[in-house]
Amino acid sequence: MNGSPVTSGWAAARAEKWRVHLSGMEAMLKPVDEPLIRALQLDGPYRIADIGCGGGETAFEILRQAPVGSTVHGFDITPSLIEAARARIPPADRAIAFDVADMGTAAAPEAPYHRLASRFGIMFFDDPPAAFANLARWLAPGGRFAFAVWGPQADNPWVTSVRDAAAEAVDIPPTEPDAPGPFRYAKVDTLLHLLGRAGLDGLDARDWRGTLPIGEGLSPGDAASFALASFSSFGELLAKAGDAALQAAHQALTARFARHHQDGAVRMGACVHIVTGTRP
């Protein structure tokens, strides 16, 4: 969800939706940055690449936490997201940069990176075996990576609550578990197998469980509007069904969110796999 590294129409549409709701999505996913960055083990000045960087929030946080002398380079396939990220770079700051690239196929740089990071940017490759083999070439020998991917949907009520509310008003098509999408690696062994085939080593997966603020500091009603508009294709399906369907789903979701409204925000549970490893 932090941008998308493929050129498919699905990914392009999802990335554009991300751009429109950028501030709310970044605020919602910010809690995942801490366990992801901790898993990078930034114990020295490194060259770090952020894969599927979206609007750049995670890349900037990595730079804030990295030792002096580190540099961060964010990559995303969506030009509008890269433009948004570049607009946030302070004048004359050469420690961070952003570029458009399909990381599943882009040629590795002459000087590989010491660290690769991705917050929800690796679940959308059209050809995962080839893409992960390519990412391995972007990582220097002895380098380390940390990728965040969503755990099982049942452990992520932030999205199941939205799906269930929408399903009360319209038919929600089933998802294909192996197709590009946010829950592609809910069964983390699938991802570990792909990374092992790519020649990466020392593989490990640990779960982070916590709560996410839906769109940050929103009322239950505003959080429902944000979620229906920005999560998956729920908003499009409801819009096609008409105003009555959208209103019914919004009412149902508002009631669900109201039970989780605390400290000025709707906070819903989440489960994230933090997957790490090295290049031999």
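Residues numbered from 1 in each chain as written. Predicted model: local features only at pLDDT ≥ 70, side-chain atom pairs only at ≥ 80, totals over all residues. Heavy atoms only, no water.

Caption draft 1: Region of interest: the overall build of the chain. When helices and strands are tallied, the chain shows eleven helices and eight strands. Viewed in the frame of its principal axes, the chain has a C-alpha envelope of about 55 × 40 × 30 Å. Within the span of the chain, comprising 280 residues, buried residues form 53% of the whole. Intrachain contacts of the chain at a sequence separation of at least 6 include 83% that bridge at least 24 residues. Carbon together with sulfur atoms contributes 53% to the accessible area of the chain, which is approximately 11,900 Å² in total. A gap of 3 Å separates the mean positions of the 25 positive and 31 negative side-chain charges of the chain. (Helix = DSSP H or I, 4+ residues; strand = E, 2+ residues; numbered from the N terminus. Buried < 20%, exposed > 50% of the residue type's maximum accessible area, 1.4 Å probe, protein only. Contact = heavy atoms within 4.5 Å. Areas by Shrake-Rupley, 256 points an atom, 1.4 Å probe, with all protein chains shown as cover. Lys, Arg positive; Asp, Glu negative; His and termini not counted. Charge placed at Lys NZ, Arg CZ, Asp CG, Glu CD.)

Caption draft 2: Representation of the packing of helix H7 (residues 157–167) against helix H11 (residues 243–258) within the structure. Interhelical geometry of H7 versus H11 gives an angle of 145° and a closest axis separation of 8 Å. The hand of the H7/H11 crossing is right-handed. For the pair H7 and H11, contact is made by Ser161, Val162, Asp164, Ala165 and Ala166 and by Ala249, Ala252, Leu253, Arg256 and Phe257, respectively. Among the residues making up the contact of H7 with H11, the classes are represented as seven nonpolar, one polar and two charged. (Axes fitted to C-alpha atoms, helices over the stretch in contact; angles between N-to-C directions. Left-handed = near helix turned anticlockwise from the far one by under 90°. Nonpolar A, V, L, I, M, F, W, Y, C, P; charged D, E, K, R; others polar.)

Caption draft 3: Region of interest: the layout of surface pockets. Here the second largest pocket is characterised by a volume of approximately 240 Å³. Lining the second largest pocket are Pro35, Arg38, Ala39, Gln41, Arg144, Asp204, Arg206, Asp207, Trp208, Ile274 and Thr276. Listing elements by their share of the lining of the second largest pocket, those giving two or more residues are helix H3 (33–40), strand E6 (201–213) and strand E8 (265–278). A per-element tally of the lining of the second largest pocket places E6 first, with four residues. In the lining of the second largest pocket, the residues fall into four nonpolar, two polar and five charged. (1 Å grid on protein atoms, 1.4 Å probe; cavity = no way out; pocket = protein on both sides within 12 Å on 5 of 7 lines; lining within 4 Å. Points joined across faces, edges and corners; volume = space filled by probe spheres on them.)

Caption draft 4: Region of interest: the packing of aromatic side chains. Applying the stated criterion across every chain, the model contains 13 aromatic pairs. When the ring of Phe60 is compared with that of Phe98, the centres are 5.6 Å apart and the planes differ by 45°; the resulting orientation is tilted. Of this pair, Phe60 sits in helix H4 (residues 57–65) while Phe98 sits in strand E3 (residues 96–100), and the two are 38 residues apart along the sequence. Residue Phe98 is classed as buried on the basis of its relative accessible area, which comes to 2%. Ring geometry for Phe125 versus Phe132: centroids 5.6 Å apart, planes at 85°, classification edge-to-face. This pair shows no difference in class: Phe125 is buried, exactly as Phe132 is. Sitting over the ring of Tyr113, Arg47 keeps its end group 4.3 Å from the ring centre. Over the ring of Tyr46 we find Arg115, and its NZ or CZ is 4.1 Å from the ring centre. (Phe/Tyr/Trp six-rings, centres within 6.5 Å; stacked < 30°, edge-to-face > 60°. Lys NZ or Arg CZ within 6 Å of the ring centre and 35° of its normal.)

Caption draft 5: Structural view of the pairing of strand E4 (residues 113–119). For E4, the tally of buried residues reaches six of seven residues, placing the bulk of the element in the interior. Here strand E1 (residues 47–51) runs beside E4; their pairing, made up of three bridges, is parallel. Paired with Asp50 across the bridge in E4 is Ala117. (Pairing = 2+ DSSP bridges.)

Caption draft 6: Seen up close, the pattern of salt bridges. Scanning all chains against the criterion turns up 15 salt bridges. The salt bridge partner of Glu61 is Arg64, with a shortest N-O separation of 2.8 Å. Here Arg64 and Glu61 lie together in helix H4, a separation of three residues that amounts to about one turn. Residue Glu61 is classed as buried on the basis of its relative accessible area, which comes to 14%. The salt bridge involving Asp155 is made with Arg209; its shortest N-O contact spans 3.6 Å. On the criterion of sequence distance, the pair formed by Asp155 in the loop between strand E5 (139–150) and H7 and Arg209 in strand E6 is long-range, its members being 54 residues apart. (Salt bridge = Lys/Arg side-chain N within 4 Å of Asp/Glu carboxyl O.)

Caption draft 7: Seen up close, empty space enclosed by the protein. One pass over the full model with this rule turns up two cavities of 30 Å³ or more. The space that makes up the second largest cavity amounts to roughly 40 Å³. Of the residues that constitute the lining of the second largest cavity, the class distribution is nine nonpolar, no polar and no charged.

Caption draft 8: Region of the structure containing the nonpolar core. Counting residues in each nonpolar core, the largest one holds 88 residues, and the members touching the most others are Leu116, Phe132, Trp150, Trp158, Ile214, Phe231 and Phe257. If one sorts the elements of this core by residue count, E5 sits on top with seven residues. (Core = buried A, V, L, I, M, F, W, Y, C linked by side-chain atoms within 4.5 Å.)

Caption draft 9: Structural context of unusual backbone geometry. For Gln41, which is not glycine, the phi torsion reads 55° and is therefore positive. With respect to the element layout, Gln41 can be found in the loop between H3 and E1. We note that Glu216 has phi near 75°; this positive angle belongs to a residue other than glycine. Mapped onto the elements, Glu216 comes out in the loop between E6 and helix H9 (220–230). For Glu216, a relative accessible area of 47% gives the class partly exposed.

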